[in-house]
Amino acid sequence: MNSINELLRPNIRDLKPYSSARDEFSGEAAVFLDANENPFNAPFNRYPDPYQRELKKRIAAIKEISAENIFLGNGSDEAIDIAIRAFCEPGKDNIVSISPTYGMYQVAADINNIDVKKVLLTPDFELDAEALLKAADEHTKIIFLCSPNNPTGNCFSPQEVKKILDEFNGIVVLDEAYIDFAPDKSWLTRLTQYPNLIILQTFSKAWGMAGIRLGMAFAKDEIINVFSKIKYPYNVNILTQQKALELLSDNDTMKRWVKELLEERTRLIETLKTKDFVKKVYPTDANFVLIKTPEPKKIYNYLVARKIIVRDRSNVALCEGCLRITVGTPEENRELIEALDGLS
């Protein structure tokens, strides 16, 4: 692959980042008079640690990875945007993405005036690595993958992912937002083998922290340093850092939630398969189920009228006739099934 410096936009490579008061001093102190903060209302009067050192240390222990390989952002969307801004020259470069997949890759690219080359998955929602590599040209800087994929729910073949990592000369972003629900292992264990790999994970799914907006990117320290240079100085606020530290102290609860959701997922799938209007339930490695039905909009509106909200994906490539259903609590899933019984 090309070196990270070769892949970076020249202005990003030469960028001198903003230096905050908290960049210039780190350590113990009794009196802080360097950042023009209000001295009252501690601890919220103080700017948060711009590098989230304590939080990264806790995450590093859980993920069994060095803190130097972690970037924390305002959801995974911040990391997606920064990756595009770091490596793609507006109006010149492009990215390659699978289709269907998470919509923010397209949105972030559009905001940054970057063309997106979409490559359809196979009819069975499998990854065709050769097709993605053929779609790339000399201006392709990033290939975006999502595994387990949203909205299809499936993990991609490790061999196909490896082929892309081995043969593509640019950056590969692998979004693992749903990896905690999958039987496949995260690619984090192979991060050191691939200097061009960026792995995205989130606290929004298995950890139940969608409301605090905290996403993770893992990569070689060379890439993490670039991300830290581009990000806004205090991108993760003190409330988010404190709440994440609190919740991360209870790893067992997260594991219990995942176990219960997987059990509920199995029950939900088996029940959905008995419904005449469900023509197919697609295999899933995530905390949601994709179903195919002849009248998705009718069913969606029927459920909305009963104050049950699912996601209509019938206008998405390869997902014609499909609804995406998140696995809820046992009570929520029971309400859904009882409502769907009225359609039988």
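Bear in mind that the values here come from a model prediction, so they are computed numbers and not experimental data.

## What to know about the overall build of the protein
Along the protein, the regular secondary structure elements total 13 helices and 11 strands. Over its C-alpha trace the protein gives a radius of gyration of 22 Å, about what one expects of a compact globule, namely 20 Å for 344 residues. Principal axes of the C-alpha set define a box for the protein whose edges measure 70 × 50 × 35 Å. Of all 344 residues assigned to the protein, the portion counted as buried reaches 51%. Restricting to contacts in the protein with at least 6 residues of sequence separation, those with at least 24 account for 70%. Of the roughly 16,800 Å² that the protein leaves accessible, carbon and sulfur atoms contribute 50%. Of the charged side chains in the protein, 44 are positive and 50 negative, and the gap between their average positions amounts to 2 Å.

## Looking at the nonpolar core
Ranked by internal contacts, the top residues of the largest apolar core, which has 55 residues, are Ile 59, Leu 127, Leu 132, Leu 145, Ile 164, Leu 197 and Phe 218. Residue assignment places this core across two domains, with domain 1 (4-249) and domain 2 (252-342) each supplying three or more. Beyond its immediate stretch of four places on either side in the chain, Phe 218 contacts Ile 59, Lys 63, Ile 65, Asn 69, Ile 70, Leu 188, Leu 191, Leu 197, Ile 198, Ile 199, Gln 201 and Ile 224. If you look at the next biggest cluster of nonpolar residues, it comprises 33 residues, including Phe 71, Val 173, Ala 217 and Ile 223.

## Regarding the domain arrangement of the protein
What the domain assignment reports for the protein is domain 1 (4-249) and domain 2 (252-342). On the side of domain 2, 20 residues touch domain 1, which itself brings 22 residues to the contact. Summing the contributions of domain 1 and of domain 2, the shared interface buries around 1,700 Å²; its carbon and sulfur component is 70%. Considering only the surface of domain 1 that becomes buried against domain 2, Phe 125, Pro 151 and Phe 181 emerge as the three largest contributors, covering 36% of it. Applying the counting criterion to the domain 1 and domain 2 interface returns 0 salt bridges. The tally of links from domain 1 across to domain 2 stands at 4 residue pairs in polar contact (both at pLDDT 80 or more). Considered class by class, the residues forming the side of domain 1 that touches domain 2 number 13 nonpolar, 8 polar and 1 charged.

## A closer look at the pairing of strand 2 (residues 94-99)
The element strand 2 is extensively covered by neighbouring structure, given that 6 of its 6 residues are classed as buried. Bridge analysis of strand 2 against strand 3 (residues 115-120) gives 6 bridges, and the strand direction is parallel. Directly across from Ile 95, in strand 3, lies its bridge partner Val 116. Between strand 2 and its parallel partner strand 3, the chain crosses via helix 6 (residues 104-111), and the hand of that crossover is right-handed. Judged from the 4 bridges that link them, strand 2 and strand 4 (residues 140-146) form a sheet pairing that is parallel. Paired with Ile 95 across the strands is Ile 142, a residue of strand 4.

## Notes on the UniProt feature "modified residue: N6-(pyridoxal phosphate)lysine" (unreviewed entry) in the protein
Under the feature "modified residue: N6-(pyridoxal phosphate)lysine" (unreviewed entry), the UniProt entry names Lys 205. Those residues in contact with Lys 205 that lie beyond four places of it in its chain are Ala 177, Tyr 178 and Phe 181.

## Considering the packing of aromatic side chains
Evaluated as defined, the whole model comprises 8 aromatic pairs. Judged by centre distance (5.5 Å) and plane angle (85°), the rings of Tyr 102 and Tyr 105 are edge-to-face. The exposure class of Tyr 102 is partly exposed, given its relative accessible area of 26%. A connected cluster of aromatic rings, assembled from ring pairs, spans Tyr 102, Tyr 105 and Phe 144. The residue whose ring lies beneath Arg 324 is Phe 288, and the NZ or CZ to ring-centre distance is 5.6 Å.

## Brief notes about the packing of helix 11 (residues 251-272) against helix 13 (residues 330-341)
Put simply, helix 11 and helix 13 touch, their axes get as near as 11 Å, and they point 10° apart. When the interaxial angle is binned, helix 11 and helix 13 end up roughly parallel. Taking contact as the criterion, the partners of Glu 260, Glu 264, Leu 268, Thr 271 and Leu 272 in helix 11 are, on helix 13, Pro 330, Asn 333, Leu 336, Ile 337 and Leu 340. Per-class residue counts for the contact of helix 11 with helix 13 are 6 nonpolar, 2 polar and 2 charged.

## A word on the environment of Glu 64
Topologically, Glu 64 is positioned in the loop between helix 4 (53-63) and strand 1 (70-73). Here Glu 64 falls in the exposed class, since its relative accessible area comes to 72%. Remark: the alpha-carbon pair of Glu 64 and Thr 189, spanning 125 residues in sequence, is separated by 8.6 Å.

## A look at a negative patch on the surface
On the surface, a cluster of negative charge is made up of Glu 260, Glu 331, Glu 332, Glu 335 and Glu 338. Along the chain, Glu 260 turns up in helix 11.

## A few points about the UniProt feature "domain: Aminotransferase class I/classII large" (unreviewed entry) in the protein
Under the UniProt annotation, "domain: Aminotransferase class I/classII large" (unreviewed entry) lies at residues 43-340. Taken end to end, residues 43-340 comprises 38% helix and 17% strand; its first and last C-alpha atoms sit 49 Å apart.

## Some details on the side chain of Asp 285
Within the secondary structure layout, Asp 285 lies in the loop between strand 8 (280-281) and strand 9 (288-292). The side chain of Asp 285 is buried and forms no salt bridge, while Arg 265, the nearest opposite charge, is found at 5.4 Å. Not counting the four nearest positions on each side in its chain, Asp 285 is found in contact with Pro 148, Gly 153, Asn 154, Cys 155, Tyr 178, Phe 181, Ala 182, Pro 183 and Arg 265.

The rules behind these values
- Residues numbered from 1 in each chain as written.
- Predicted model: local features only at pLDDT ≥ 70, side-chain atom pairs only at ≥ 80, totals over all residues.
- Heavy atoms only, no water.
- Helix = DSSP H or I, 4+ residues; strand = E, 2+ residues; numbered from the N terminus.
- Rg over C-alpha atoms; globule rule 2.2 N^0.38 Å.
- Buried < 20%, exposed > 50% of the residue type's maximum accessible area, 1.4 Å probe, protein only.
- Contact = heavy atoms within 4.5 Å.
- Areas by Shrake-Rupley, 256 points an atom, 1.4 Å probe, with all protein chains shown as cover.
- Lys, Arg positive; Asp, Glu negative; His and termini not counted.
- Charge placed at Lys NZ, Arg CZ, Asp CG, Glu CD.
- Core = buried A, V, L, I, M, F, W, Y, C linked by side-chain atoms within 4.5 Å.
- Domains from an automatic or database assignment.
- Buried area = accessible area lost by both parts, 1.4 Å probe.
- Salt bridge = Lys/Arg side-chain N within 4 Å of Asp/Glu carboxyl O.
- Polar contact = N/O pair within 3.5 Å; in protein donor to acceptor, adjacent residues only side chain to side chain.
- Nonpolar A, V, L, I, M, F, W, Y, C, P; charged D, E, K, R; others polar.
- Pairing = 2+ DSSP bridges.
- Right-handed = clockwise from strand over helix to strand, strands pointing away.
- UniProt positions renumbered as here; feature names shortened; annotations may be inferred.
- Phe/Tyr/Trp six-rings, centres within 6.5 Å; stacked < 30°, edge-to-face > 60°.
- Lys NZ or Arg CZ within 6 Å of the ring centre and 35° of its normal.
- Axes fitted to C-alpha atoms, helices over the stretch in contact; angles between N-to-C directions.
- Parallel < 35°, antiparallel > 145°, perpendicular 65-115°, else oblique.
- Patch = residues over 30% accessible without salt bridge, like charges linked within 9 Å, V, L, I, M, F, W, Y side chains within 5 Å.

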